[in-house]
Amino acid sequence: MAEIAITNAHLVAGSGAPARMADITIDNGRISEVTEPGSASRASRTIDAAGRLVTPGFVDVHTHFGRRFGADDERRDAFVEVMDRNRIAVCVSLDGGWGDDLDTHIRHLHERHRDRFVVFANIDWRGRGRMDDPATWDCQRPEFPRVAAEMLADAKRRGASGVKIFKDFGLGYRDATGAFLRIDDERWDPIWRACGELDLPVLMHTADPSAFFAPLDERNERWEELHRRPEWSFHDPKFPRRDELLAARNRVGARHPRTTFIAAHMGNDGEDLATLGGWLDRWPNLHVDLASRINELGRQPYTARAFFDRFDQRILFATDGPWPAQRLGYYWRFLETFDENFPYSE
């Protein structure tokens with residue numbers, strides 16, 4: 001008898017071959033058989049995957065096809081070829097937006113490559129309010145959490161598979177008094193509760209690397225990067241402190257154990273894997289992605305390897321792409337070899 005049978009799967013091989021319906025049999029942790037629907041071998045455990053994608057390839061859970069490619073079909077087609085060469089079966093685009101914008105983004109991605117992309121929606125905190133006047137923003141209205149929860153249900157009907165929260169939530173958006181919106185404000189609890197009820201994972205970018213909150217002097221390890229992008233520096237006392245932001249995010253996850261949270265960029269604490277590991281131990285609904293953090297991980301190779309071995313079911317492959325193929329190569333080199341002291345971007 002087989003170990004696991006996955007039935008009624010929408011199989012995406014990640015090789016460029018068309019997606020198809022199939023039953024999949026797994027023995028000793030490996031795919032042993034792929035057959036027509038309804039013909040799987042008997043197994044100790046059967047998983048009905050109806051309505052879900054199943055892939056033996058990689059899923060990149062953190063990409064930005066809206067921001068980087070927009071409606072450019074040619075660039076998107078070219079990157080699908082890069083995906084094929086790298087065995088990336090599916091990319092999650094985090095730029096879905098809300099309402100009609102969500103429809104447009106899904107249409108752009110699915111017109112030619114329906115089985116290669118899923119889309120996360122984005123909550124519109126401002127709505128019809130004026131950008132320079134947070135007091136007019138939709139999120140200040142008492143009914144906003146309820147309306148947002150209803151919009152999440154609508155987003156799922158339109159085809160969204162999750163929700164992406166950008167770092168402006170905590171570091172940019174403000175309430176009517178001019179203070180930054182609090183990530184763990186109980187006003188937003190209906191939103192996180194709805195995500196759990198709708199089975200929509202929340203991928204949340206909170207804070208940034210510790211260097212972005214440190215003085216911009218010769219001791220800052222990201223000195224060159226921050227001089228190119230000074231708007232990425234949050235050292236100014238007007239911004240909340242990094243530890244406060246990360247603690248607020250964790251409190252949200254703790255209050256909503258039935259909602260899946262993915263803390264982007266190694267939870268923005270890849271510099272301190274002991275602390276990050278403590279969070280993962282404490283909150284089983286918390287996961288992390290490794291997008292754009294192989295630099296911090298690569299300088300602690302032994303600790304990082306032990307961390308990945310320990311939390312292999314909680315760390316999600318992610319690149320923050322789409323990037324040139326060269327940068328994808330750095331990810332494979334980091335994950336699959338013992339090489340050290342090599343570039344982490346082109």
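Quantities reported herein were computed from a predicted structural model and do not represent experimental measurements.

Asks: Residue-level account of helix H11 (residues 301-310), with values.
Replies: Within H11 the residues assigned to the buried category are Ala304, Phe307 and Phe308. Summarising the axial view, the buried residues of H11 lie within an arc of 95°, below the 170-degree limit, and thus occupy one face. Of the exposed residues in H11, those oriented more than 90 degrees away from the buried face are Tyr302, Asp309 and Arg310. Elements that come into contact with the buried residues of H11 comprise helix H9 (273-282), helix H10 (294-298), strand E13 (315-316) and helix H12 (325-336).

Asks: Can you tell me about helix H4 (residues 144-158), naming the residues and giving the values?
Replies: Taking 1.5 Å per residue as the helical rise, H4 with its 15 residues ought to reach 21 Å, and the 20 Å between its terminal C-alpha atoms agrees with that figure. All buried positions along H4 are accounted for by Phe144, Pro145, Ala148, Ala149, Leu152, Ala153, Asp154 and Ala155. At the exit of H4 stands glycine 159, carrying a positive phi of roughly 120°.

Asks: Could you give an account of unusual backbone geometry, with specific residues and numbers?
Replies: In this structure, the amide linkage connecting glycine 321 to the following residue, proline 322, adopts the cis form with an omega of 10°. Assignment of secondary structure puts proline 322 in the loop between E13 and H12. The phi dihedral of arginine 87 falls on the positive side, at around 55°, and the residue is not glycine. Inspection of the secondary structure assignment puts arginine 87 in the loop between helix H2 (73-85) and strand E7 (88-93). The class of arginine 87 is partly exposed, set by a relative accessible area of 40%. Here the phi dihedral of serine 292 falls at roughly 55°; this positive angle occurs in a residue that is not glycine. Its place among the elements puts serine 292 in the loop between strand E12 (286-289) and H10.

Asks: Describe the pairing of strand E9 (residues 162-165), and please don't skip the residues or the numbers.
Replies: Here is the key point about a regular strand: its side chains alternate between the two faces of the sheet. Of the two faces of E9, both are covered, the one formed by Gly162 and Lys164 as well as the one formed by Val163 and Ile165. In this structure, strand E8 (residues 117-121) lies alongside E9, joined through two bridges in parallel fashion. Bridging from a neighbouring strand, phenylalanine 120 pairs with glycine 162 of E9. Regarding topology, H4 serves as the crossover connection from E8 to the parallel E9, and that connection is right-handed. Bridge count between E9 and strand E10 (residues 202-204): three bridges; the pairing is parallel. Bridge pairing in E10 places valine 163 opposite valine 202.

Asks: Got a sec to walk through the nonpolar core? Specific residues and values, please.
Replies: Among the nonpolar cores identified, the biggest contains 77 residues, and Trp125, Trp192 and Met266 are the most heavily contacted of them. Every residue in contact with tryptophan 192, bar those within four places of it in the chain, is listed here: Ile165, Phe169, Ile183, Val202, Met204, Val252, His256, Thr259 and Phe261. Of all hydrophobic cores here, the second largest spans 13 residues; its members include Val92, Phe120, Ala264 and Ala291.

Asks: Give me the sheet that holds E9: which residues, what numbers.
Replies: Pairing in this open sheet of eight strands is parallel, and the strands run E6-E7-E8-E9-E10-E11-E12-E13 from one edge to the other. Two strands lie at the open edges of the sheet, namely strand E6 (58-63) and E13, each paired on one side alone. Examined bridge by bridge, E12 and E13 share two bridges and lie parallel to one another. Within E13, the residue paired with aspartate 289 across the bridge is leucine 316. The strands touched by helix H3 (residues 100-113) are E7 and E8; relative to E8, the strand with the most contacts, the crossing angle is about 175°. Sitting on the sheet, helix H6 (residues 189-197) is in contact with E9, E10 and strand E11 (261-263), with an inclination near 130° to E10.

What counts, and at which threshold
- Residues numbered from 1 in each chain as written.
- Predicted model: local features only at pLDDT ≥ 70, side-chain atom pairs only at ≥ 80, totals over all residues.
- Heavy atoms only, no water.
- Buried < 20%, exposed > 50% of the residue type's maximum accessible area, 1.4 Å probe, protein only.
- Helix = DSSP H or I, 4+ residues; strand = E, 2+ residues; numbered from the N terminus.
- Arc of directions from axis to C-beta.
- Contact = heavy atoms within 4.5 Å.
- Expected span 1.5 Å × (residues − 1).
- Pairing = 2+ DSSP bridges.
- Right-handed = clockwise from strand over helix to strand, strands pointing away.
- Core = buried A, V, L, I, M, F, W, Y, C linked by side-chain atoms within 4.5 Å.
- Axes fitted to C-alpha atoms, helices over the stretch in contact; angles between N-to-C directions.

Purely geometric numbers; function is a separate question.
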